Amino acid sequence: RYIFLEFIKAFLGSIVFVVGVVEITRIMDDLPKLIKSHVLFYDILIYFLAWLPIIAGKYALPVSILFSTSYTIGNFVKTNELFVMLSGGISFFRIVMPMILFSFFISIGNIFFNEFIVVRAFDFQYRWWYKMLGVKLQNRCNKYNFFMKGKQNTFYYIGSYDCKKKEIKNLYVIRIYGKRVLF
């Protein structure tokens, strides 16, 4: 329980730090253009708040798990607590098990968070950006580098698809016959 609480403190602190650093970087990059375009403060605030789930899901959670694990174990070594636990007969695996379990569940949760929340937040902030600047929304139906499954063990790799021209470039057809693969 003590190990878990120390890990949680480091984890929450590192999430706040990483989100803050990345958000400040976004502000420094985008704010001059927004101010030049005479965008309202409310619109700017909504735009930067829409970035928070994107930053948390894509950048902060993976880095925070890595940092907090290293920091917690390093802090236990620095204060000789790790040596005391090992001398007391507790295995290293058992010491780090709370951190491993927490990291595993956070990673699984992050997969769902990225699939359902981050995608919507990214789309919202993309649309909000063009609305703020008063620019017509660009075409986003073009697709790049994706696979599709066809019938009877046939797979298609499509390098790019232009939805306006209805044109496919770099098409590869892959067929699997037992242990043989044909291109």
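Residues numbered from 1 in each chain as written. Predicted model: local features only at pLDDT ≥ 70, side-chain atom pairs only at ≥ 80, totals over all residues. Heavy atoms only, no water.

Engineer: Which residues make up the overall build of the protein chain, and what are the values?
Structural biologist: When you go through the protein chain residue by residue, the secondary structure sums to four helices and four strands. The linear arrangement of helices and strands in the protein chain, starting from the amino end, is α-α-α-α-β-β-β-β. For 183 residues, the compact-globule estimate of 2.2 N^0.38 gives 16 Å, and the C-alpha radius of gyration of the protein chain, at 24 Å, exceeds that figure by more than 25%. Each of the three principal axes of the protein chain carries a C-alpha extent, and together these read 70 × 65 × 20 Å. Burial statistics for the protein chain: of 183 residues in total, 30% are counted as buried. Sequence separation of 24 or more characterises 53% of the internal contacts of the protein chain that already satisfy a separation of 6 or more. (Helix = DSSP H or I, 4+ residues; strand = E, 2+ residues; numbered from the N terminus. Rg over C-alpha atoms; globule rule 2.2 N^0.38 Å. Buried < 20%, exposed > 50% of the residue type's maximum accessible area, 1.4 Å probe, protein only. Contact = heavy atoms within 4.5 Å.)

Engineer: Break down the nonpolar core for me, citing the residues and quoting the values.
Structural biologist: Core analysis: the largest hydrophobic core is formed by 34 residues, its most contacted members being Leu34, Tyr47, Trp129 and Met132. Of all the secondary structure elements, the ones that give two or more residues to this core are helix H1 (2-36), helix H2 (41-78), helix H3 (81-87) and helix H4 (92-133). Tallying contributions element by element places H4 first for this core, with 12 residues. (Core = buried A, V, L, I, M, F, W, Y, C linked by side-chain atoms within 4.5 Å.)

Engineer: How would you summarise the pattern of salt bridges if you had to cite specific residues and measurements?
Structural biologist: The full count for this structure, using the stated rule, is four salt bridges. Lys169 serves as the salt-bridge partner of Glu167, at 3.8 Å between the closest nitrogen and oxygen. (Salt bridge = Lys/Arg side-chain N within 4 Å of Asp/Glu carboxyl O.)

Engineer: Can you lay out the pairing of strand S3 (residues 167-177) for me, pointing to particular residues and giving the numbers?
Structural biologist: In the sheet, strand S2 (residues 154-162) pairs with S3 via eight bridges, with the strands oriented antiparallel. For Ser160, the partnering residue across the bridge sits in S3 and is Lys169. Between the end of S2 and the start of S3, which pair antiparallel, lie four residues, with Lys166 showing a positive phi angle near 55°. Note: S3 against strand S4 (residues 180-182), three bridges, orientation antiparallel. Paired with Arg175 across the bridge in S4 is Leu182. Here S3 folds back onto S4 in antiparallel fashion, the turn holding two residues, of which Gly178 has a positive phi close to 60°. (Pairing = 2+ DSSP bridges.)

Engineer: Before we move on, can you summarise H2 with the specific residues and values?
Structural biologist: The end-to-end C-alpha separation of H2 is 47 Å, well short of the 56 Å expected for 38 residues at 1.5 Å each. A bend of about 45° at Ala56 is the largest found in H2. Positive phi appears at Asn80, one or two residues downstream of H2, with a value of about 65°. (Expected span 1.5 Å × (residues − 1). Bend = angle between axes of the 7 residues up to and from the residue.)

Engineer: How would you summarise unusual backbone geometry if you had to cite specific residues and measurements?
Structural biologist: With a phi angle near 60°, His38 is a residue other than glycine that sits in the positive phi range. Here His38 is to be found in the loop between H1 and H2. Positive phi values are uncommon outside glycine, yet Asn170 reaches one of about 60°. Following the sequence through the fold, Asn170 ends up in strand S3.

Engineer: I'd love a proper account of the packing of aromatic side chains, names of residues and values included.
Structural biologist: The way to describe two aromatic rings as a pair is by their centre distance and the angle between their planes. A complete count under the given rule lists 13 aromatic pairs for this structure. Aromatic side chains Phe67 and Tyr71 sit 5.7 Å apart centroid to centroid with 20° between the ring planes, which places their arrangement in the stacked category. Here Phe67 and its partner Tyr71 are both found in helix H2, four residues apart, which amounts to about one turn of the helix. Connected via pairs of aromatic rings, a cluster forms that spans Phe4, Phe7, Phe11 and Phe102. We note Arg26 situated over the ring of Trp51; from NZ or CZ to the ring centre the distance is 4.0 Å. We note Lys131 situated over the ring of Trp128; from NZ or CZ to the ring centre the distance is 4.0 Å. (Phe/Tyr/Trp six-rings, centres within 6.5 Å; stacked < 30°, edge-to-face > 60°. Lys NZ or Arg CZ within 6 Å of the ring centre and 35° of its normal.)

Engineer: I'd like to hear about the confidence of the model for the protein chain, residue by residue, with values.
Structural biologist: When pLDDT drops low, the exact placement of atoms in the prediction is not to be read closely. Chain-level statistics for the protein chain give a pLDDT mean of 84 and a share of 96% at 70 or above. At the level of individual helices and strands, the protein chain shows its lowest average pLDDT in S4, which scores 73, and its highest in H1, which scores 88. (pLDDT = per-residue confidence, 0-100.)

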